[in-house]
Amino acid sequence: MTVETPTDSLLPTRQSLLSRLRDCDDQQGWREFFDTYWRLTYNVARHAGLDDASAQDVVQNTFIYLARRMPKFHYDPSRGSFKSWLRCVTRSRISVYCRRAESKAPPLPELALEDQDASVWESIPDPAQDALDEVWQREWQENLLKAALRRIRPKVSAQQLMIFELATLGEVPLKQVARKLQVSLMQVYLARHRVGKLFKTELQRLRQETE
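The numbering scheme is per chain: residues are counted from 1 as the chain's sequence reads. In view of the model being predicted, local features appear only for residues whose pLDDT reaches at least 70, and side-chain atom pairs are presented and counted only at 80 or more, with totals across whole chains, interfaces and linings using the full set of residues. Note that water and hydrogens are dropped before the side-chain values are worked out from all heavy atoms of the structure.

(A) A look at the packing of helix 2 (residues 27–47) against helix 4 (residues 82–102). Orientation is described by lines fitted to C-alpha atoms, with helices fitted over the stretch in contact, and by angles between N-to-C directions that extend from 0 to 180 degrees. Going along the chain from the N terminus, every DSSP run of H or I of four or more residues is numbered as a helix, and every run of E of two or more is numbered as a strand. Contact geometry for helix 2 and helix 4: axes closest at 11 Å, N-to-C directions at 50 degrees. As judged from the angle between their axes, helix 2 and helix 4 are oblique. Helix 4 is crossed by helix 2, and the crossing has right-handed handedness. Of helix 4, the residues touching helix 2 (which contributes Phe33, Tyr37, Thr41, Val44 and Ala45) are Phe82, Leu86, Thr90 and Ile94. Of the residues in the contact of helix 2 with helix 4, the class split is seven nonpolar, two polar and no charged. Here roughly perpendicular refers to angles of 65 to 115 degrees, roughly parallel to angles under 35, roughly antiparallel to angles over 145, and oblique to all remaining angles. What makes a crossing left-handed is the near helix being turned counterclockwise from the far one by less than a right angle; a clockwise turn instead makes it right-handed. Whether two residues are in contact is decided by their heavy atoms, any of which lying within 4.5 Å being enough. Ten residue types, Ala, Val, Leu, Ile, Met, Phe, Trp, Tyr, Cys and Pro, are classed as nonpolar, four, Asp, Glu, Lys and Arg, as charged, and the remainder, Gly among them, as polar.

(B) Representation of the pattern of salt bridges in the model. In the sections that follow, a salt bridge refers to a side-chain nitrogen of Lys or Arg positioned within 4 Å of a carboxyl oxygen of Asp or Glu. The final tally for this structure, using the stated rule, is seven salt bridges. In this structure, glutamate 32 engages arginine 205 in a salt bridge whose closest nitrogen and oxygen atoms are separated by 3.6 Å. Note that glutamate 32 is positioned in helix 2 and arginine 205 in helix 9 (residues 185–210), a separation of 173 residues in sequence. Exposed residues in this analysis have more than 50% of their type's maximum accessible area, buried residues have under 20%, and partly exposed residues fall in between, with area computed by a 1.4 Å probe over protein chains only. For arginine 205, a relative accessible area of 31% corresponds to the partly exposed category. For arginine 205, the salt bridge identified is with glutamate 202, shortest N-O distance 2.8 Å. Within this pair, arginine 205 and its partner glutamate 202 are both found in helix 9, separated by three residues, close to a single helical turn. Overlapping salt bridges bring together Glu32, Arg151, Glu202 and Arg205 as one network.

(C) Structural detail: helix 2. Between the first and last residue of a helix there are one fewer steps than residues, each counted as 1.5 Å, and that sum is the expected span. When the terminal C-alpha atoms of helix 2 are compared, their 30 Å separation across 21 residues agrees well with the 30 Å that a helix rising 1.5 Å per residue should span. For helix 2, the principal kink sits at tyrosine 37 and spans about 40 degrees. Turning to helix 2, its buried residues number three or more, namely Gly29, Trp30, Phe33, Thr36, Tyr37, Leu40, Thr41, Tyr42, Val44 and Ala45. We define the bend at each residue as the angle formed by axes fitted to the 7 residues ending at it and the 7 residues starting at it.

(D) Structural view of the packing of aromatic side chains. Think of it this way: a Phe, Tyr or Trp ring, Trp meaning its six-membered ring, pairs with another when their centres are within 6.5 Å, and the plane angle makes it stacked under 30 degrees, edge-to-face over 60, tilted otherwise. Tallied over the full model, the rule gives nine aromatic pairs. When the ring of phenylalanine 34 is compared with that of tryptophan 38, the centres are 6.3 Å apart and the planes differ by 15 degrees; the resulting orientation is stacked. You can see phenylalanine 34 and its partner tryptophan 38 sitting in helix 2, four residues apart, about one turn around the helix. Between the aromatic rings of tyrosine 37 and tryptophan 140, the centroid separation amounts to 5.6 Å while the plane-to-plane angle is 15 degrees, which identifies the pairing as stacked. Of this pair, tyrosine 37 sits in helix 2 while tryptophan 140 sits in helix 6 (residues 131–152); the two residues are 103 residues apart in sequence, bridging distant segments of the chain. The class for tryptophan 140 is buried, based on a relative accessible area of 1%. Taken together, Trp30, Phe33, Phe34, Tyr37, Trp38, Tyr42, Phe63, Trp136 and Trp140 form an aromatic cluster joined through their ring pairs.

(E) Representation of a nonpolar patch on the surface in the model. A cluster of nonpolar residues, Met186, Tyr189 and Leu190, forms a patch on the protein surface that exposes about 330 Å² of accessible area. Looking at where methionine 186 falls in the secondary structure, it is placed in helix 9. Accessibility expressed as a relative area gives 53% for methionine 186, which makes it exposed. A residue counts toward a patch only above 30% relative accessible area and without a salt bridge, and it is joined to like-charged neighbours within 9 Å or, for Val, Leu, Ile, Met, Phe, Trp and Tyr, to nonpolar neighbours within 5 Å. For accessible areas, the Shrake-Rupley method is used with a probe of radius 1.4 Å. Any residue's cover is judged against the shown protein chains and nothing else.

As C-alpha cells, then:
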C-alpha cells in the first residue's frame, strides 16, 4: 500500500500534544499515548535482541522515564521532532538495559530523574549506518498504520474495515474482495472510499502530533 505523506507537521499541533503529556494527571492522554506507542518500543527492543520479558521491562522503563521527563520537556524545533526525541529515548533505555544485563546488575531502580539525565543520550546524532535506526523507522511507519486502524475501528462496521484492509492494505483485487466477502462490487468501492478517508485523516493526525 502506498500512503500519501502529508505536509510537515504544524507546530501548534505538536505543542498541544506535548502540553497534554506534560500533565501527569491527564490519565486519558497518557493512556492514549501508551496505547499508541508501547508496541513500537516493544518491537524495537525485540529487534535489538531482547526476549519478551526483557522487552516488556524496556517498555515499562521507557514510559516511566517519559512520565518523569515530560513535565520539564520543552519543545525545540531546532533539535528535531518529538518522533526523533522518542527514538533517542527508546534507544537509550534499550542500551541502559543491555549494559546492566551484561554486568548482571540488579533491575533499574526507580530513582528521581536528574535534570541532566537526558542530555547525554538525547543529544547523540543518529549514526549513518545504524541498523537499529532502520528498524525504528520501519516499525514507526508500521505502528502508525496500525494505530490509525485501531482508532477508526469504532467508527465503521467490521465488514467495511475488512474490505478496506483487504483491498487497500492487502492490495487484493476489488473483484476478488467482493467474491471473498460475498458483497457487491459497489459495496467494496463505497467501503474502501469511506474507510480510506477516515484512515487517511487519522494517519495524518498521528503524524502531525509527533513527526
